[in-house]
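Architecture and fold: a report
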Amino acid sequence: MAIFQKKRRNILPGFGLSMGYTVFYLSAVVIVPLSMIFFNAIPMGWEPFLSAVTAPRVLASYKLSFSTAFFAALFDAVAGLLTAWVLVRYRFPGRAVLDALVDIPFALPTAVAGICFATLYSPIGWLGDITTKWNIEVINSPTGIVIALIFIGFPFVVRTLQPVLEELEPEIEESAHCLGATRMQTFRKILLPHLFPALLTGSTLAFARGIGEYGSVIFIAGNLPMKTEIAPLMIMSKLDQYDYNGASAVALVLLVISFSMILLLNAVQEWQQNEYR
Amino acid sequence: MLKPEPLQSNPPVARKKISDPVPVQILLIGLTLLFFIGFVFLPLGLVFSQAFQKGWEFYLEAIKEPYTIEAVKLTLTTVAIVVPLNAFFGVSAAWAITKFSFPGKAALKTLLDLPFAVSPVIAGLIFVLLLGSRTPFGSWLGEQGIKIIFSTPGIVIATLFVTFPFVARELIPLMEAQGRDEEEAALTLGARGWQIFGKITLPNIRWGLLYGMILCSARAIGEFGAVSVVSGHIRGQTNTIPLHVEILYSEYNFTASFAVASLLVFLALTTVIVKAVMENRFQKNSSQH
C-alpha cells in the first residue's frame, strides 16, 4: 500500500488555481508586510541599529519581557501538567466544564483579560485585598505581568499535554507497578520523561506568546519606564514618536528570537521522533 | 462525589486499573480548582459584578450608548470582510496542500502559521510601515485620496493578518485525514472540478470550516494590540469594541467599561461551548469510522 501511495500521481484538478491563489494571498497579507520590518531596520546601518536596540530603556524592556514570560511559562508547565493530569485521569462532576474553560484565555479578548486582572489586584479588588495584606506588590510590578502571562499561556500547555496523556498505554504503568515501583517512582522515572517533549513544546509556545503579548499586560503593568515597560510597548511608544526605524529594530530582535525558538522546537521534535523509531 | 474508575468496564478479566489513591485525587482536583478559581472564575465573575454594579438600567444604557453602537458596527463590519476572505483562502490552501503532493509542502505549512508567532503590536507595525502616510506607498495612496492607516481599511487589514491561519489550520488536518479517495472516485466517474468540490469535499469539511470561521470571528472581534496600532482611536469612527473598552477604562468609567466587556465575555463563553460541542461531535464521528 505504501508503495502505491508513493507512486500516486496528482490527478485531481485545480492545483494551479488553488496553489496560485494561496501563494498570492500569503504573500500579500503576510510575507510582504512582514518584510517591511527588514526593509526599515536594515538600511539603518549596524551602528544606529545596535544603539537603538541597546538603549537602556529598550534593554530593560527586553529583560522584563523575557524574564516575565519565562517565569509564567514555568508556572504554566506545573499548573498545565496538573490540570491535564486531572482532566484526563480522573472522573468527577464538572470535569467537562473545566475542560471547556481551559480555552477561555484563547477566546477571551486580551484587553478584557487585562482590565480584569488589573481590577482584581487593585487595592480595592477581590485579590488585591489579600496581596496588600501580605505586602505583595502586584499592580505596577513584574509580578502582575507574570500573572497576566500565566493566564495567557496556560492553555498551550494543557492542550499539548492532553492528547499525549490520553494515548499513554496503561501497560507501561502496570509493568512498573509489577516490578515494585511506587506511584511516585513511576511518575518521576517513567511518566515524566515520556511527557517531557509535550511539556517542553507547550511551555515554549506559552513563552513565545508571552514575549509578544500586549493587551492583557499593559493594564496591570502600569508601564513605568525602566521598571514595567514590556518590549511590545517600546515598539508602540517608538511608533507614537514616528521613529519607524527604531520601532522596526526593536521588532526585528523580537521576531528573530521568537522565530528561532519555534524553529528550534520543530528541530527538537523531529529529532525526538527519529529517536523513538 | 468522587468516582474511581468503574471496574466492571473491563470484563471478562477482572483487571485492576492502576490509579492514584483517592486522597491524592482529591488533593490534585482541589489544587486544579484553586487555580481555576484564581485565573478563570474570579476574573469572569468580576466582569459581571462590575458591569451590574450600578444596576440593570445603567448596564443597558452603557450598551445602548451611541459610541458603543458605533464600535459594535465597526467590529461587525470588520468581521464581515475578514472572515469570508480568510475562509476562502483557508479552503484554497487546504485543497492545494492536502489534495496534491509537491516539494516544499512542510515549509508552506510553517509559513501559514507565521502570524501566530508575531506579536500583535508587530502585526500592527508592519502595516504602518507599508501603508502609513509617511511611507512612499502610503503617501501615494494619500494623493489618490485613500486613507488606510488610522481608518477602517487599516483595521480590516491588520485583523486579516492576525486571523489569517485560523481556517486553514482547522481544515488541513481534517482534509489530510479524509484523504483524496472520494474525490478521485468522483473524477473517474466523470465529475468536474467544481462538482467534486461542491458535492464531495464541501459536505465533508462543512463542520470544520464552520468551526474555523467561528474561531476566526472570535479573534477578529477581540483583537486588541494590532488594531490599537493602526486605529486612530477616534470615537464613533475607528473604535472597535475592545478599543472602546480600553478608552472607557482609562477614563475611569469602570462600570461602563465592564458592561461593554461583558459582551465580549459572552462571546468568549459561546466560542468555548461551541468548541466543546464540536469536538464531541468530531470524536463521535471518528470513532464510528
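Scroll up for the structure.
Report follows, based on the coordinates. Worth saying up front: this structure is predicted, and the values here are computed from it rather than measured.

1. Some details on the overall build of chain B
- Scanning chain B for helices and strands turns up 13 helices and zero strands.
- When the helices and strands of chain B are read in sequence order from the N terminus, they spell out α-α-α-α-α-α-α-α-α-α-α-α-α.
- A compact globule built from 289 residues should have a C-alpha radius of gyration of about 19 Å, whereas chain B, at 24 Å, is more than 25% larger.
- With the C-alpha coordinates of chain B rotated into their principal frame, the extents come out at 75 × 60 × 30 Å.
- Counting the 289 residues in chain B, one finds 49% classified as buried.
- Pairs at least 24 residues apart make up 72% of the contacts formed inside chain B by residues separated by at least 6 positions.

2. Considerations on the interface of chain A and chain B
- With 85 residues of chain A at the interface, the matching set in chain B holds 92 residues.
- Taken together, the two surfaces of chain A and chain B that pack against each other cover about 8,000 Å², and 78% of this comes from carbon and sulfur.
- Ranking the residues of chain A by area buried against chain B places A:Leu12, A:Tyr25 and A:Tyr90 at the top, with a combined share of 9%.
- Applying the counting rule to chain A against chain B returns two salt bridges.
- Across the pair B:Asp20 and A:Arg183 runs a salt bridge, and its minimum N-O distance is 2.6 Å.
- On inspection of chain A and its partner chain B, the count reaches 11 residue pairs in polar contact (both at pLDDT 80 or more).
- Looking at the side of chain A that touches chain B, the element that brings in the most residues is helix α2 (residues 15-41) of chain A, giving 17 residues.
- The residue makeup of the side of chain A that touches chain B, split by class, is 62 nonpolar, 13 polar and 10 charged.

3. Here's the deal with the pattern of salt bridges
Residues and elements named next belong to chain A.
- What the rule picks out here adds up to 15 salt bridges over all chains.
- One salt bridge in this structure joins Asp 243 and Lys 238, with 4.0 Å as the shortest N-O distance.
- Note on Asp 243: relative accessible area 29%, which makes it partly exposed.
- Given a relative accessible area of 14%, Lys 238 falls into the buried group.

The rules behind each value
- Residues numbered from 1 in each chain as written.
- Chains lettered and ligands numbered in written order.
- Predicted model: local features only at pLDDT ≥ 70, side-chain atom pairs only at ≥ 80, totals over all residues.
- Heavy atoms only, no water.
- Helix = DSSP H or I, 4+ residues; strand = E, 2+ residues; numbered from the N terminus.
- Rg over C-alpha atoms; globule rule 2.2 N^0.38 Å.
- Buried < 20%, exposed > 50% of the residue type's maximum accessible area, 1.4 Å probe, protein only.
- Contact = heavy atoms within 4.5 Å.
- Buried area = accessible area lost by both parts, 1.4 Å probe.
- Salt bridge = Lys/Arg side-chain N within 4 Å of Asp/Glu carboxyl O.
- Polar contact = N/O pair within 3.5 Å; in protein donor to acceptor, adjacent residues only side chain to side chain.
- Nonpolar A, V, L, I, M, F, W, Y, C, P; charged D, E, K, R; others polar.

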